[in-house]
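Report on the structure
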2 protein chains.
Amino acid sequence: MWPGCSSFGYGAMQELGPFRVNSDGKTLYRNQYAWNNVANVIFLESPAGVGFSYSNTSSDYTKTGDKSTAMDSYTFLLNWLERFPQYKTRDLFITGESYAGHYVPQLADTILTYNKLTNHTVINLKGIAVGNGWIDDNMCGKGMYEYFWTHALNSDETHEGIQRYCDFESGNLTGECSKYQSRGDTEIGSIDIYDIYAPPCDSAAKKPGSSPATNYDSNFDPCSDDYTNSYLNLAEVQEALHAKASVWYPCRGVGWTDSPATILPTINRLISSGINTWIYSGDTDGRVPITSSRYSVNALKLPVETTWRPWYSSNEVGGYLVGYKGLTLITVRGAGHMVPSYQPQRALTMISFFLLGELPPEFTS
Amino acid sequence: MWPGCSSFGYGAMQELGPFRVNSDGKTLYRNQYAWNNVANVIFLESPAGVGFSYSNTSSDYTKTGDKSTAMDSYTFLLNWLERFPQYKTRDLFITGESYAGHYVPQLADTILTYNKLTNHTVINLKGIAVGNGWIDDNMCGKGMYEYFWTHALNSDETHEGIQRYCDFESGNLTGECSKYQSRGDTEIGSIDIYDIYAPPCDSAAKKPGSSPATNYDSNFDPCSDDYTNSYLNLAEVQEALHAKASVWYPCRGVGWTDSPATILPTINRLISSGINTWIYSGDTDGRVPITSSRYSVNALKLPVETTWRPWYSSNEVGGYLVGYKGLTLITVRGAGHMVPSYQPQRALTMISFFLLGELPPEFTS
């Protein structure tokens, strides 16, 4: 969610990468729905200090933020293209989830800015896709409690209190508002807010003799975090990855100096520049839920070009979409926060069409 | 949903009964979460003509309705108690789902009425539990489209049209309202409205070589309908059940003569008579969703005695509940319309506490 989590430990090893870790924490199996079926994929740890990345300047860990992250990521891309010049002419797409609702648009914006400078490497940025992304503080806060109530996780009284005391449009959240928000947080009880219907790790997969919990066709194991953590801390794995031998953490605390309250102006700039912009959302995530993405996108007041409709993957409703001028809002049905973990097939269908610049099919085949 | 479906084919064979049918359509396996772990359970086919039940009077099939169903069910109970008098002194609880939102309160009301007559068998009715029940036409209609929108199955435009043109409070649904409702029905696409995140039968279980789809710990197979249909049409099964040899149908069309628009006055009478009343709801059902149950119960304007909170089953959030004076509204997390099919363990925990007249635990143990 917040800055500091590893793109390699989550994105690559548990979501859309070619391999996932078995429950032994030592061996791998193939993810048949890996996104590198349809693209060359780079996983970038950002900011410095996250995952296997590191800096020799300690202030990089404590005084970091949106701006330095965007600039560092851009520098990485330039250097990477110098090292592998055969990719310089390729189309580039940037995707990310959660707080990458900041990172992705900001990196895209940085690329466009530098592309305009003469004598500078031009990066062929074509599109961005942001999943369950934190885009606008006010709209995301509003959407979360709206989701809690409409999904029968919160009481009517809490909802009414939040409606009365939290002014999300202005961002003026009073003390009474906080009290009702805390009440809402307590009322949901001990569920996995990142996938409200998922089983917890301890009851599902670790029961001796039971098969791993499966979320329909996804086979996502809620204990994957533990397996990945074990795997990436094996000395031979770190060596094989050419990583610095270290204790690997899935997330680390980082001191943050700048985080704009809204990324909507940045997204507007990208749309104006013709960058294909997709906002996608796993619809069983309660942390940055579809309501948050909906409120955020609605705030852009873009005209509708393709009216809301289901889209299909493997003869099932993969989710729903609405096409605005320059932006597509698309849901992935039955997926939590980490969309390709829970619904790998649907996620691959979605991203394949994103790369083609097309909308996924309107009818079951 | 509508009258005419078999309590034996659904309730007993796919939901809460001791056995479920294997995918061969010929053999059974034990349901470890059967409700007869905690009670003696009778499954009643109603009205006459449904499932294996039949009548020698053809008008029973074409001119039936709520009143005759309640009276016939009551007559059945009296006769059954005469035949098995050792049960006459036992506590009785009545449960049912969907259109049984009519049947269950009406049968309970009939029992209370006849209990007051002197020289009449007194039936010790203690409580009723109605799951995803059709209780009030207006509130159920309102709740369904509200659920579609808040679960990102419908567009903002459709929601706004329904808000504008459908007056659910008065039940005055204009032609414009119908147009927007149809649009909402189309927008959801080809999903299982009775469990919005469930896979369809054809893709999940019938794929050769794949294991049956599992909804986390439930192991519910979306093709169960087919297996049950095959099983109950085997000649040897019909003979063993002492049923009349016939073509068995899961549901049949019935001519309905009376169906009040609301059952809320009946529920009010039951509450006044001290009948413990539970309204439960699987929260991933889109047909009679939790929003419908919430609106219906809110219309009773009962004072809250136990504020909304999670309840636990096997160290997981089984759902949420709110206790009103005389009535408990309780959800089952991650369950569709047929609650014990999708979440058998949570359903058994819930019904066990219902039988005890207690609320399920507030904290994980």
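Before reading further, recall that the structure is shown in the block above.
Residue indices begin from 1 for each chain and proceed along its sequence in written order. Throughout, the order in which chains and ligands are written sets their labels, letters from A for the former and numbers from 1 for the latter. Where totals are concerned, whole chains, interfaces and linings use all residues; where local detail is concerned, this predicted model gives features only for residues with pLDDT of at least 70, and gives and counts side-chain atom pairs only at 80 or more. Hydrogens and water are ignored here; the side-chain numbers use all heavy atoms of the structure.

1. Let's talk about empty space enclosed by the protein
Residues and elements named next belong to chain A.
- The pocket and cavity definitions rest on a 1 Å grid over protein atoms only: a 1.4 Å probe that fits but cannot leave marks a cavity, an open set with protein on both sides within 12 Å along at least five of seven lines marks a pocket, and residues lining either have an atom within 4 Å of a point. Grid points are joined across faces, edges and corners, and a volume is the space filled by probe spheres set on the points. Per the counting criterion, the structure on display carries 3 cavities of 30 Å³ or more.
- The space that makes up the second largest cavity amounts to roughly 50 Å³.
- The wall of the second largest cavity is formed by Met-13, Gln-14, Arg-20, Val-21, Tyr-29, Phe-220, Ser-224, Tyr-227 and Thr-228.
- Runs of H or I in DSSP of at least four residues are treated as helices and runs of E of at least two as strands, each being numbered from the N terminus. Those elements that place two or more of their residues in the lining of the second largest cavity are α1 (8-16), β1 (19-21) and α9 (224-232).
- When grouped by side-chain class, the residues that make up the lining of the second largest cavity number 5 nonpolar, 3 polar and 1 charged. Any residue outside Ala, Val, Leu, Ile, Met, Phe, Trp, Tyr, Cys, Pro, Asp, Glu, Lys and Arg is labelled polar, Gly included; the first ten of those are nonpolar and the last four are charged.

2. Examining the packing of aromatic side chains
Residues and elements named next belong to chain A.
- Classification of ring pairs uses Phe, Tyr and Trp, with its six-membered ring standing for Trp, and accepts pairs whose centres are within 6.5 Å; under 30 degrees between planes counts as stacked, over 60 as edge-to-face, and the remaining range as tilted. Inspection of the entire model under this criterion finds 29 aromatic pairs over all chains.
- Taking 6.3 Å as the distance between ring centres and 50 degrees as the angle between the ring planes, the aromatic pair formed by Tyr-103 and Trp-256 counts as tilted. Taken together, the positions of Tyr-103 in helix α4 (residues 100-115) and Trp-256 in the loop between α10 (235-240) and α11 (264-272) put the pair 153 residues apart, joining distant regions of the chain.
- Residue burial is assigned from relative accessible area. The probe radius is 1.4 Å, only protein chains are included, and a residue is buried under 20% of its type maximum, exposed over 50%, and partly exposed in between. Residue Tyr-103 is classed as buried on the basis of its relative accessible area, which comes to 16%.
- The exposure class assigned to Trp-256 is partly exposed, which follows from its relative accessible area of 24%.
- Taking 5.0 Å as the distance between ring centres and 65 degrees as the angle between the ring planes, the aromatic pair formed by Phe-220 and Tyr-342 counts as edge-to-face. Note that Phe-220 is positioned in the loop between α8 (201-204) and α9 and Tyr-342 in helix α13 (residues 339-342), a separation of 122 residues in sequence. Each of the two residues, Phe-220 as well as Tyr-342, counts as buried.
- Counting every residue linked through ring pairs, the aromatic cluster contains Phe-8, Phe-52 and Trp-248.
- The side chain of Lys-142 reaches across the aromatic face of Tyr-295, ending 4.6 Å from its centre. Lysine and arginine charges are scored as sitting over a ring when NZ or CZ, respectively, is within 6 Å of the ring centre and within 35 degrees of the ring normal.

3. Considerations on the nonpolar core
- As used in this record, nonpolar core signifies buried Ala, Val, Leu, Ile, Met, Phe, Trp, Tyr and Cys residues forming a set joined through side-chain atoms within 4.5 Å. Core analysis: the largest hydrophobic core is formed by 105 residues, its most contacted members being Leu-327 of chain A together with Leu-327 of chain B.
- Here, residues are in contact when the closest pair of their heavy atoms is within 4.5 Å. Filtering out sequence-adjacent residues up to four positions away, Leu-327 of chain B remains in contact with Ile-267, Ile-271, Thr-277, Ile-279, Val-297, Leu-300, Leu-302 and Val-322 of chain B.

4. Notes on the sheet that holds strand β8 (residues 304-313) of chain B
All names here are of chain B.
- One requirement defines pairing of two strands: DSSP has to find at least two bridges between them. Strand order in the open sheet made by the 6 strands is β3-β4-β7-β10-β9-β8, with mixed pairing throughout. Edge strands, defined here as strands with exactly one partner in the open sheet, are β3 (91-97) and β8. Averaged over all pairs of adjacent strands, the angle between strand axes in this sheet comes to 20 degrees, irrespective of strand direction.
- Summarising the sheet, strand β7 (residues 276-282) and strand β10 (residues 327-332) pair through 6 bridges and their orientation is parallel. The residue bridging Tyr-280 from the neighbouring strand is Ile-330, located in β10. Interaxial angles span 0 to 180 degrees and are taken between N-to-C directions of axes, which are lines fitted to C-alpha atoms, for helices over the stretch in contact.

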